[in-house]
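# Observations on chain architecture
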Amino acid sequence: MNSSDMIRAVDLGKAVDTALGQLTILKGIDLEIKESETVAIVGASGSGKTTLLSLLAGLDVPTRGKVFLGPYEITAMDEEERAHVRSEMVGFVFQTFQLLDSLTAIENVMLPAELKRDPDAEEKARELMARVELSHRLNHYPRQLSGGEQQRVAIARAFASSAKILFADEPTGNLDTRTGANVIDLLFDLNAEFGTTLVLVTHDERLAGRCGRSISIASGMLVPEGAGAPA
Amino acid sequence: MNVRLALKLLWRDWRSGELTLLLLSLVIAVSTVTTITLLVDRLHKALLLESATFLAADRVIASGEPIDPVILERADALGLRRAQTLSFLSMVFAEDRAQLSSVKAVSDNYPLRGTLIASNEPFINGFVVDKGPAPGEVWLESRLVPSLDVSIGDTVEIGVAEFRVGKVLIKEPDRGGGFSSAAGPRVMMNLVDVPKTEVVQPASRVSYRYLFAGDAGRLDEFESWVEPHLGEDARLFGVKQGAASVGNALDRAERFLLLGGLLGVVLAGVAIALSAQRYSLRHYDHVAVLKTLGATPSMIDGLFIVIFLALGTVATLAGGAIGFVVQLGITQVLSPYIPVELPPPGALPLWLGMVTGFVCLLSYALPPLLRLRATEPVRVIRRDLADASTTDRLTYGAAVIGTLGLMWWYSKDLYLTSLIFLGALVAVAVLSVIAYSLLRSSRVLGMQAGSVFRLALAGMQRRGQQNTMQILVFGLAIMLLLILYLVRTALVDEWRAQIPENAPNHFAINISPEDVAPIRTLLARNGIASQPLYPMIRGRITQINGESTRAGEGGHAEDEEEAPGPRASSDRNLTFAGVLPDDNHILSGEWWAEDYKGPPLVSLERDIATRNHIKVGDVLTFTIQGRTLSAAVASIRRVAWDNMQPNFYIIFSPGALDDFPSTYMTSFTLPPSKKLFLNELLRDYPTMTVLEVDALIAQVKAIIAQVTLAIELVLVLIMVAGGLVLLASIQASMDERFKQHAILRTLGASRRTVMGSLVVEFCALGFLAGLLATLGAEATVYFLETEIFELEFQFNPELWLLGPAVGTVLIGIVGTLATLKVVRTPPIAVLRGL
Ligand SMILES: Nc1ncnc2c1ncn2[C@@H]1O[C@H](COP(=O)(O)OP(=O)(O)O)[C@@H](O)[C@H]1O
Ligand SMILES: [Mg+2]
């Protein structure tokens, strides 16, 4: 075990019960991600990327194996403790943005700091909104924003919590190529600026190329490095 | 707990319109309950006040001798108002005429409730006077004016005193109070004049009545204090015990108002539950996002508890205020139609309404909100996965406990509560099974129909579970309305039947055997409808199975507390009959054959049998006119005391009383225009006594008319509440429909198709709900009428048309109106908004 590991998964497995019997989605995944590393999880649709991400981030619980985030073994925690860990060190960007529609753009960005009772929530949110070039849309509701704008708000929100790790699940999946490229640039810029560890799920080889390292997954198993991902 | 953040989120939710519906249904629910509680309370108070006029007081102590002054001191200490009357029979003399009259001496503050009406001429309507005769003055009933041949200002004598005729007495509030006071025409005088007549001697038969009025709580306190201090033949009673016919009507009306209040609470609760569910359904995604941002489950609890409390406070305050105003408005609008003045609303019902609102909130809205904590954060990624159902055990449990608690609190009647509750529970269970299978089969039918129908029915079936719920809610709401409607109809019919148009309003007693035939002829000749003549003999039970009744009473002092009812050892009117009188029902034993000729048998009324532990087969010994007679108990009867007919506790078999000289009684109907006939009758047969109950009957009718009005009012209110539930329930289902129809439109379905399918869907839902409601209503009403209201159950064939029709039309219309918005909204707005 390396003390500089930010994320470590040991023999991680996930199975779900379906109408047709048990379905094993992940079959014993081992991986380590170091602090400030940028890692892409790639693989075909249905290979288990999202499942892996949600387990690593503690959004879901595995059926076997362990996950460590920094000093914490989150698989040994209950939801209450996991939430504390998320609050302290994890940020998210989702394919479907996941902004709260009853909140304005800036209120969405303020939310993580507000949950921590940070008195400077609004100020920080303004800065971040400026950083994603949406200062003129502070008081607009998500449904009044385009997809790209919504994702930029989501990115601002992800960095608002001063997270150490950022999980992004196909952040450009719902965007056209050009908008997607802009959003990705923004994501990487901010990531470099904040020194965050980035775990990015994508099936876009080009996007994966911008990360320091790629982890390939196929049918719920890691594809050994150098073996090359199946086309 | 992060109160600030919670309030901020709440404010943001409100601003974005997300909360409007929830808050609205909360406010509506609280204000409906408050309105109903306030109105019911005021109506109830008004009815009590109005019926108190039967006694001229709230409570009366009747006694054959003056009561212990300690009791009066106690009443004064409690701040009760009091008055006193003294009644006795006496001859009243005018110049050359005399008439046996029923004299009533009243204190200056008589009556405490109701009004005295007097005039300066006989047989007219008169005017209200605020107190009785001044000292030295008497007031005569109209009939006495011609019969004594006097006019205002003349002098009459009672005992050794002379009085000036001051006014004609047209109406006194407590005239109907018992046979003794109704015997003979009324003469009213001042209480202070009684001694100087010298008529009332220590041994004379007089009836003292002490009247009390005041605040309900104080009266109850007084009542419980007084009971042990009362002498042997003193009796304390309120209007319910004082006048059986009014008491029964009041009891039932109270139960109905209560039932109305209960159903109002349930309906409001359902409305709240529906909107709270909708609110939390829409907030699952929010919570999931908050969780990914690091909100812990306990933080979520905290947030939503604060939100809940804030909502609850706003809704309760606003609802309470609105309820109060609406209630004021309703009484204002209705005041021309409400014949009594409503007492001002008290603080208690307002408080009650608001607490009810909050408890409703707690049991119906909190559970779905608390369910939010369990939302799994993965939901942000896999929405379908964590689509947790809000209707789990906690929700049901809380709603069940909350409703039960509220119902019990309201009714203070566990039996009524559990009956309604179990009924509803069984209905829900049975109905959901039926609803689900109906839905399935309607889909099969729909397959053969055109595209609009296919779309509608397929839609209904796809959301099978949801729609089952919705049919249940619709059905439940319609069912409650039908129940209330049915019970009200049965009650009103019953009351109308209780006093038929030409019910006998005069009783003649003490008719000697030789006068029976001539009186019958006289009545017939004057075209006056009369009942058969019953023999009547005074007598009392002295032994039960050989044991003395007097001794028995002394030995079972505690028993007397437990079993109220008439004592066996008091003097009673005895009669014999071959045929069971109308309105009497045999409870045990058997009624004898009409031509029975065996040894004496006797039939007892239920209360006297219960109080004295007498069973069929026991042998009773009677003392009649100084001689004894034994008879075996052949049957126990239930008697309808409120039917204003001659009723007897004790009836002998034919021939059993042949050895005793008996007098006869009858009853007849005398319209007001023929009232003077009494003078002729009494002049020809001076030994007989006529009891006039026409005033009493008129008063009972008036009360019943008011009770009926109160009931209709509550019915209307509950209908409004039911309508609100329907609206809330349809609204709650709108999100789903919005989305589905937006998708259909993007697929090219025309507005007409979408609209048509929605209309068909709602009509079908309404029809099924109406059908189920009818089924449930019939079953529940059966139990309510037989168990609670003690009415005869009647099957209601028209309901089977009415129920489904009401369901189809109501839900069809409300649903269609709500869906207009669906088809007007551009599909993209819907798809984006969700
Ligand atoms: N809760 C679940 N129930 C059933 N199947 C699931 C569940 N979660 C994931 N799967 C299945 O597991 C596989 C992997 O899913 P996912 O992790 O979303 O893949 P990816 O993100 O790589 O497309 C898919 O076939 C998906 O359908
Ligand atoms: Mg995925």
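Note that the coordinates shown come from a computational prediction; the quantities given were computed from them, not determined experimentally. Counting restarts for each chain, with residues numbered from 1 along the sequence as it is written. Just so you know, chain letters begin at A and ligand numbers begin at 1, following the order they were written in. Predicted model: local features are reported for residues with pLDDT of at least 70 only, side-chain atom pairs are reported and counted for 80 or more only, and whole-chain, interface and lining totals are derived from all residues. Side-chain measures were taken over the full set of non-hydrogen atoms in the model, leaving aside hydrogen atoms and water.

## Quick notes on the packing of aromatic side chains
Cut-off, in case you're wondering: Stacked, tilted and edge-to-face pairs are distinguished by plane angle, under 30 degrees for stacked and over 60 for edge-to-face with tilted covering the rest, among Phe, Tyr and Trp rings (Trp via its six-membered ring) whose centres lie within 6.5 Å. Helical segments are the DSSP runs of H or I of at least four residues, strand segments are the runs of E of at least two, and each set is numbered from the N terminus. Working definition: with a 1.4 Å probe on protein chains only, accessible area under 20% of the residue-type maximum means buried, over 50% means exposed, and in between means partly exposed. A ring has a charge above it when a Lys NZ or an Arg CZ is no more than 6 Å from the ring centre and no more than 35 degrees off the ring normal.
Evaluation of the coordinates by the stated rule reveals seven aromatic pairs over all chains. When the centroid spacing of 4.7 Å and the interplanar angle of 50° are considered together, the rings of Phe212 of chain B and Phe222 of chain B count as tilted. Residue Phe212 of chain B is located in strand 10 (residues 206-213), and its partner Phe222 of chain B is located in helix 7 (residues 216-226); the two are separated by ten residues in the primary sequence. The residues Phe212 of chain B and Phe222 of chain B share a single accessibility class, namely buried. Here a set of aromatic residues connected by ring pairs shows up, and it is made of Phe92, Phe94 and Phe167 of chain A. Over the ring of Phe68 of chain A we find Arg8 of chain A, and its NZ or CZ is 4.6 Å from the ring centre.

## Some words on helix 23 (residues 751-788) of chain B
Spelled out, the test is: For a helix, the expected span equals 1.5 Å multiplied by the residue count minus one.
Given a rise of 1.5 Å per residue, 38 residues ought to cover 56 Å, and the 51 Å separating the end C-alpha atoms of helix 23 of chain B matches this to within 8%. The positive-phi residue at the C-terminal boundary of helix 23 of chain B is Glu790 of chain B, with phi of around 50°.

## A closer look at a negative patch on the surface
Just so we agree on the cut-off: Patches here: salt-bridge-free residues with over 30% relative accessible area, like charges joined within 9 Å, nonpolar side chains (Val, Leu, Ile, Met, Phe, Trp, Tyr) joined within 5 Å. Using the Shrake-Rupley algorithm and a 1.4 Å probe, accessible areas are obtained, with residue cover drawn only from the displayed protein chains. For this document, the term salt bridge refers to a Lys or Arg side-chain nitrogen within 4 Å of an Asp or Glu carboxyl oxygen. Counted as positive: Lys and Arg. Counted as negative: Asp and Glu, with His and the chain ends omitted from the count. Lys charges are placed at NZ, Arg charges at CZ, Asp charges at CG and Glu charges at CD.
Among the surface-exposed residues, Glu95, Asp96, Asp149 and Asp154 of chain B lie close enough to one another that they form a single negatively charged patch. With respect to the helices and strands, Asp149 of chain B occurs in the loop between helix 4 (144-148) and strand 7 (155-158).

## What about the pattern of salt bridges?
Across all of its chains, the model carries 23 salt bridges over all chains by this definition. Across the pair Arg210 of chain A and Asp185 of chain A runs a salt bridge, and its minimum N-O distance is 2.7 Å. With Arg210 of chain A in the loop between helix 7 (205-209) and strand 9 (213-218) and Asp185 of chain A in helix 6 (residues 177-194), this residue pair connects regions lying 25 residues apart in the sequence. Across the salt bridge formed by Lys615 of chain B and Asp618 of chain B, the nearest N and O atoms sit 3.8 Å from each other.

## Structural notes on the packing of helix 3 (residues 105-115) of chain A against helix 1 (residues 3-15) of chain B
Our working definition: Helix axes are fitted to C-alpha atoms over the stretch in contact, other axes to C-alpha atoms as well, and angles between N-to-C directions run from 0 to 180 degrees. Just so you know how the angles are binned, under 35 degrees is roughly parallel, over 145 roughly antiparallel, 65 to 115 roughly perpendicular, and the rest oblique. For any pair of crossing helices, the crossing counts as left-handed if the nearer helix is rotated counterclockwise from the farther one by less than a right angle, and right-handed if it is rotated clockwise. Residue contacts follow a heavy-atom distance rule, with two residues in contact if any of their heavy atoms lie within 4.5 Å.
Orientation of helix 3 of chain A relative to helix 1 of chain B, taken along the N-to-C sense of each, is 160°, at an axis distance of 11 Å. By the criterion of interaxial angle, the relationship of helix 3 of chain A to helix 1 of chain B is roughly antiparallel. Both helix 3 of chain A and helix 1 of chain B take part in a crossing whose hand is left-handed. On the side of helix 3 of chain A, the interface is formed by Glu107, Met110, Leu111, Glu114 and Leu115 of chain A, while helix 1 of chain B contributes Leu5, Lys8, Leu9, Arg12 and Arg15 of chain B.

## Looking at the interface of chain B and chain A
To keep things clear, this is the line we draw: Buried area is understood as the total, over both parts, of accessible area removed when two parts are fitted together, assessed with a 1.4 Å probe. Nitrogen and oxygen atoms within 3.5 Å of one another constitute a polar contact, given that in protein one can donate a hydrogen and the other can accept it, and given that sequence-neighbouring residues count only through two side-chain atoms. Charged residues are taken to be Asp, Glu, Lys and Arg, nonpolar residues to be Ala, Val, Leu, Ile, Met, Phe, Trp, Tyr, Cys and Pro, and polar residues to be all remaining types, Gly included.
On the side of chain A, 32 residues touch chain B, which itself brings 30 residues to the contact. Both sides of the chain B and chain A interface together cover about 2,900 Å² of buried area, and 56% of this is carbon and sulfur. Seen at the junction of chain B and chain A, the total is three salt bridges. Taken together, the connections running from chain B to chain A amount to six residue pairs in polar contact (both at pLDDT 80 or more). Every element with two or more residues in the side of chain B that touches chain A is listed here: helix 1, helix 9 (244-292), helix 10 (297-334) and helix 25 (827-833) of chain B. Sorting elements by how many residues they give to the side of chain B that touches chain A places helix 1 of chain B first, with six residues. Considered class by class, the residues forming the side of chain B that touches chain A number 13 nonpolar, eight polar and nine charged.

## Regarding the site of ligand 1
Our working rule: Any residue with a heavy atom positioned within 4 Å of a molecule or strand is treated as near that molecule or strand.
Lining the immediate environment of ligand 1, one finds 14 residues, of which Gly46, Gly48, Lys49, Thr50 and Thr51 of chain A sit closest. Near ligand 1, residues from chains A and B are present, making the site a shared one. At 2.7 Å, a backbone N or O of Gly46 of chain A approaches an oxygen atom of ligand 1. For ligand 1, an oxygen atom lies 2.5 Å from a polar atom in the side chain of Thr51 of chain A. For ligand 1, whose accessible area on its own is 560 Å², the fraction buried by protein is 70%.

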